[in-house]
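# Overview (structure and organization)
Take a look at the letters that make up each chain.
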Amino acid sequence: MSPVVWVPCDAAARSVGADAVADAFAAAGVTVRRNGSRGMLWLEPMVEVETERGRVGYANVEPSEVDALLAGALDGTDRCLGVVDEHPWLTRQHRVSFARVGVTEPTDIAAYRAHGGLAGLERALTLTGEQVVAEVTESGLRGRGGAGFPAGIKWDTVRKAAADLKFVCCNADEGDSGTFADRMLIEGDPFTLIEGMTIAAVAVGATEGFVYLRSEYPHAIRTLRRAIDIAYAHGVLGGSVLGSGHRFDLDVRVGAGAYICGEETSMLDSLEGKRGEVRAKPPIPALQGLFGQPTVVNNVLTLSAVPMVLADGGAAYAALGTGKSRGTQVFQLGGNVARGGVVEADFGISLRELVEEYGGGTASGRPVKAVQVGGPLGAYLPPAKFDLPMDYEAFAAADAMVGHGGIVVFDDSMDAGAMARFAMEFCAKESCGKCTPCRVGSTRGVEVIDRIRAGTQREANLVLLDDLCTTMTKGSLCAMGGLTPMPVRSALEHFPEDFGVAPATADAVTDDMPESATSTDGGARP
Amino acid sequence: MRQRGPSPAPAPAPADPERAASVRSIAEELSGVRGPLLPILHEVVETHGFVHDDDVPVIAEVLNLSRADVLGVVSFYHDFRRTPPAAHRVALCRAEACQARGAEATYASAADRWAGSTEVEVGEVFCLGNCALGPSGTLDGTLHARLTPDRLDALTEEWAR
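Residues numbered from 1 in each chain as written. Chains lettered and ligands numbered in written order. Predicted model: local features only at pLDDT ≥ 70, side-chain atom pairs only at ≥ 80, totals over all residues. Heavy atoms only, no water.

- The name that an unreviewed UniProt entry assigns to chain A is Formate dehydrogenase, with the source organism given as Phycicoccus sonneratiae.

Here you go:
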């Protein structure tokens with residue numbers, strides 16, 4: 001019998017040649033199946049061969065090695081990973097949302113069901129909307145997009161709103177650098193998201209849903225569209241969800257390259273066919289969201305946690321995690337990291353365990369200088385802070401944020417001053433322009449940081465930068481302008497030397513202009 | 001993908017009647033979906049490569065919007081390019097995770113190599129979701145990882161001819 005070989009179809013695996021490897025196996029006459037990625041991205045293309053012991057993995061397989069691999073030439077070398085399910089990098093994790101990613105074929109709905117899929121939706125259909133929302137509230141599930149708002153409270157607001165038409169919108173505009181879990185989940189196990197959205201729709205009485213998926217993810221778009229077609233064909237979506245009489249129609253809408261559309265109100269305007277400009281709140285989207293109707297807006301990972309919450313009960317999910325951060329979080333290790341990929345773990349895991357034990361330090365082999373947690377709007381943290389537990393409140397107390405769980409590692413060649421400047425520059429480029437602190441503040445921020453780095457009236461400009469950051473934080477309409485100061489301030493706090501500022505006191509700075517040269521009109525222009 | 005300095009931006013010739021008919025047909029076909037403007041613009045770019053200024057009044061008429069409304073949306077989003085694409089397109093990620101692995105050197109090398117080229121355009125993109133294997137980029141739409149300047153040169157060797 002010809003062996004069965006699994007080759008990931010995940011975009012990351014494809015980016016290092018997985019398609020050519022799959023073609024080579026097919027040419028060699030073996031049965032090729034395409035799974036999602038297990039998330040051990042440094043090993044991609046990671047091929048799995050079915051054996052009596054289980055699926056045995058092989059790392060970094062090249063098309064030219066296919067015959068040798070099938071003949072057993074890689075067995076016993078460090079390229080052979082043994083049974084993948086027993087790999088310590090995976091067994092140490094606690095995969096809930098990612099339980100099926102990398103295991104099954106993404107659009108095989110029979111396999112989805114065989115691996116526990118649809119149990120949550122089936123149970124939800126036996127409950128009232130109020131009971132479903134109560135389960136989600138009890139689970140302690142909080143928004144995984146970054147803000148951490150309790151999902152149950154949001155859902156209950158939509159459920160109680162009286163309206164003929166309600167929507168469920170999934171925010172899959174995963175624009176934050178260092179985050180790729182939404183993409184991997186959609187490419188690897190799209191039915192989980194579809195099931196989670198359907199449960200949300202049943203709970204709140206919504207009949208239409210949209211997934212706003214970014215155009216930079218073409219593979220995810222294709223996979224999700226195919227999965228939605230299959231879900232319709234199997235009665236999971238459509239006029240009567242699993243025969244329950246509930247209608248739920250779901251469609252994919254593709255973003256158009258605007259970072260700001262990851263902000264929920266901007267995403268809603270974009271879905272309506274407008275410029276993706278941020279709305280003032282109130283009204284909140286739960287009451288007046290898409291086309292003015294009550295709307296649930298949740299991130300991919302929030303909605304993907306819902307099937308498990310319903311299948312096993314809210315209490316089981318709430319038993320995981322720490323403090324007010326319940327359940328698991330899908331952390332993503334990226335940037336200059338030796339072992340990058342997806343680590344799903346209970347909240348409370350330390351940054352050190354993620355960066356050093358899972359990540360194995362830098363890819364370059366040089367010392368870690370900093371990590372940025374939570375995307376481009378998250379703080380830069382030095383190794384001295386690595387004992388922080390991954391927990392919304394603990395991070396907030398340290399002037400940082402968990403965000404979407406992305407962790408970007410930098411080695412000691414990183415220039416924190418340049419990264420701070422980049423944060424402001426990116427905000428200036430991608431600001432929707434609606435509010436002044438973000439639109440103008442970010443441009444002025446680039447200029448002020450340039451002056452500080454050039455040593456021009458450094459002390460006065462540091463004061464000005466601090467003032468500017470406060471204005472942006474307190475005066476911006478949304479998180480883009482409001483959080484851009486976070487990477488800037490954290491970079492300055494932890495790496496002042498990269499701004500030409502001495503760590504302890506400013507006395508050591510010699511190229512600064514004398515204080516008498518500082519303008520006295522409150523400005524700090526050179 | 002957004003174009004920057006080294007990329008060519010030839011002014012598009014006036015659109016022909018055939019194109020106007022095609023754009024009208026795309027707009028009419030999608031006008032029934034909720035929030036149809038973005039799906040229509042995506043389809044126009046997919047079919048014709050870019051949004052021509054002359055497409056704007058056609059779409060506006062079908063959707064009963066002002067030309068300013070349509071143009072405002074076109075100009076807001078990076079994806080709705082308003083000039084024809086070059087024969088080959090490089091889009092390199094310049095976001096933080098790829099910067100941590102040397103994306104700036106790759107970008108500088110590519111921008112320098114194809115400066116003034118009308119055949120190859122170099123653009124920047126902010127995150128392709130391939131953050132563990134950077135620097136990432138797309139070559140004619142296909143995602144590639146670990147794009148050092150040398151690897152980019154090797155992958156695009158044929159383009160130099």
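## Notes on the overall build of chain A
- Secondary structure summary: chain A contains 21 helices and 16 strands in total.
- For 526 residues, the compact-globule estimate of 2.2 N^0.38 gives 24 Å, and chain A sits close to it at 24 Å.
- For the C-alpha atoms alone, the extent of chain A along its principal axes is close to 85 × 65 × 40 Å.
- With 526 residues in all, chain A has 61% of them scored as buried.
- Partitioning the intrachain contacts of chain A with sequence separation of at least 6 by distance along the chain shows that 70% fall at a separation of at least 24.
- For chain A, the accessible area works out to roughly 18400 Å², and carbon and sulfur atoms hold 51% of it.
- Here chain A contributes 47 positive and 67 negative side-chain charges, whose respective centroids are spaced 4 Å apart. (Helix = DSSP H or I, 4+ residues; strand = E, 2+ residues; numbered from the N terminus. Rg over C-alpha atoms; globule rule 2.2 N^0.38 Å. Buried < 20%, exposed > 50% of the residue type's maximum accessible area, 1.4 Å probe, protein only. Contact = heavy atoms within 4.5 Å. Areas by Shrake-Rupley, 256 points an atom, 1.4 Å probe, with all protein chains shown as cover. Lys, Arg positive; Asp, Glu negative; His and termini not counted. Charge placed at Lys NZ, Arg CZ, Asp CG, Glu CD.)

## A closer look at the interface of chain A and chain B
- With 60 residues of chain A at the interface, the matching set in chain B holds 38 residues.
- Taking both sides of the interface into account, the surface hidden between chain A and chain B amounts to around 3500 Å²; carbon and sulfur atoms contribute 56%.
- Run the count over chain A and chain B and you get two salt bridges.
- Inspection of the chain A/chain B interface yields 23 residue pairs in polar contact (both at pLDDT 80 or more).
- Contributing elements (two or more residues each) for the side of chain A that touches chain B: α1 (11–15), β7 (208–213), β8 (249–254), α12 (264–271), β12 (328–335), β16 (406–411) and α17 (416–430) of chain A. (Buried area = accessible area lost by both parts, 1.4 Å probe. Salt bridge = Lys/Arg side-chain N within 4 Å of Asp/Glu carboxyl O. Polar contact = N/O pair within 3.5 Å; in protein donor to acceptor, adjacent residues only side chain to side chain.)

## Regarding the sheet that holds strand β9 (residues 295–299) of chain A
Residues and elements named next belong to chain A.
- Reading across the sheet, the four strands line up as β8-β7-β6-β9 and stay open at both edges, with parallel pairing between neighbours. Lying at the two open borders of the sheet, with one neighbouring strand each, are β8 and β9. Looking at each pair of strands side by side, their axes are set apart by 20° on average, direction ignored.
- Pairing analysis gives five bridges linking strand β6 (residues 167–172) to β9, with the strands arranged parallel. Bridging across to β9, Asn 171 finds its partner in Asn 299.
- Against the sheet, helix α10 (residues 190–204) touches β6, β7, β8 and β9, its axis set at about 150° to β6. (Pairing = 2+ DSSP bridges. Axes fitted to C-alpha atoms, helices over the stretch in contact; angles between N-to-C directions.)

## Observations regarding the pairing of β6 of chain A
- The element β6 of chain A is extensively covered by neighbouring structure, given that six of its six residues are classed as buried.
- Of the two faces of β6 of chain A, both are covered, the one formed by Phe 167, Cys 169 and Asn 171 of chain A as well as the one formed by Val 168, Cys 170 and Ala 172 of chain A.

## Things to note about the pairing of strand β3 (residues 120–125) of chain B
Residue and element names in this part refer to chain B.
- Most of β3 is tucked away, with six of its six residues classed as buried.
- Neither face of β3 is left uncovered, since the one carrying Val 120, Val 122 and Glu 124 and the one carrying Glu 121, Gly 123 and Val 125 both have all their residues buried.
- Across six bridges, the pairing between strand β2 (residues 88–93) and β3 is parallel. Among the inter-strand pairings, His 88 is bridged to a residue of β3, identified as Val 120.

## Quick notes on the packing of aromatic side chains
- Throughout the structure, instances matching the rule amount to 14 aromatic pairs over all chains.
- Seen from their ring centres, Phe 167 of chain A and Phe 210 of chain A are 6.2 Å apart, and the 35° between their planes marks the pair as tilted. You can see Phe 167 of chain A sitting in strand β6 and its partner Phe 210 of chain A sitting in strand β7, a full 43 residues away along the chain.
- Phe 167 of chain A sits in the buried class, given a relative accessible area of 0%.
- In this structure Phe 210 of chain A comes out as buried when scored by relative accessible area, which is 5%.
- Ring centres of Phe 76 of chain B and Tyr 77 of chain B lie 5.0 Å apart, and the angle between their planes is 75°; on these two criteria the pair is classed as edge-to-face.
- Between Arg 55 of chain A and the ring centre of Trp 6 of chain A, over which it is positioned, the NZ or CZ distance is 3.9 Å. (Phe/Tyr/Trp six-rings, centres within 6.5 Å; stacked < 30°, edge-to-face > 60°. Lys NZ or Arg CZ within 6 Å of the ring centre and 35° of its normal.)

## Concerning helix α21 (residues 485–494) of chain A
- By the criterion of burial, α21 of chain A is predominantly enclosed, with seven of the 10 residues buried.
- At its buried positions, α21 of chain A is contacted by β14 (368–373), β15 (380–381), α17, α18 (436–454), α19 (458–475) and α20 (479–483) of chain A.

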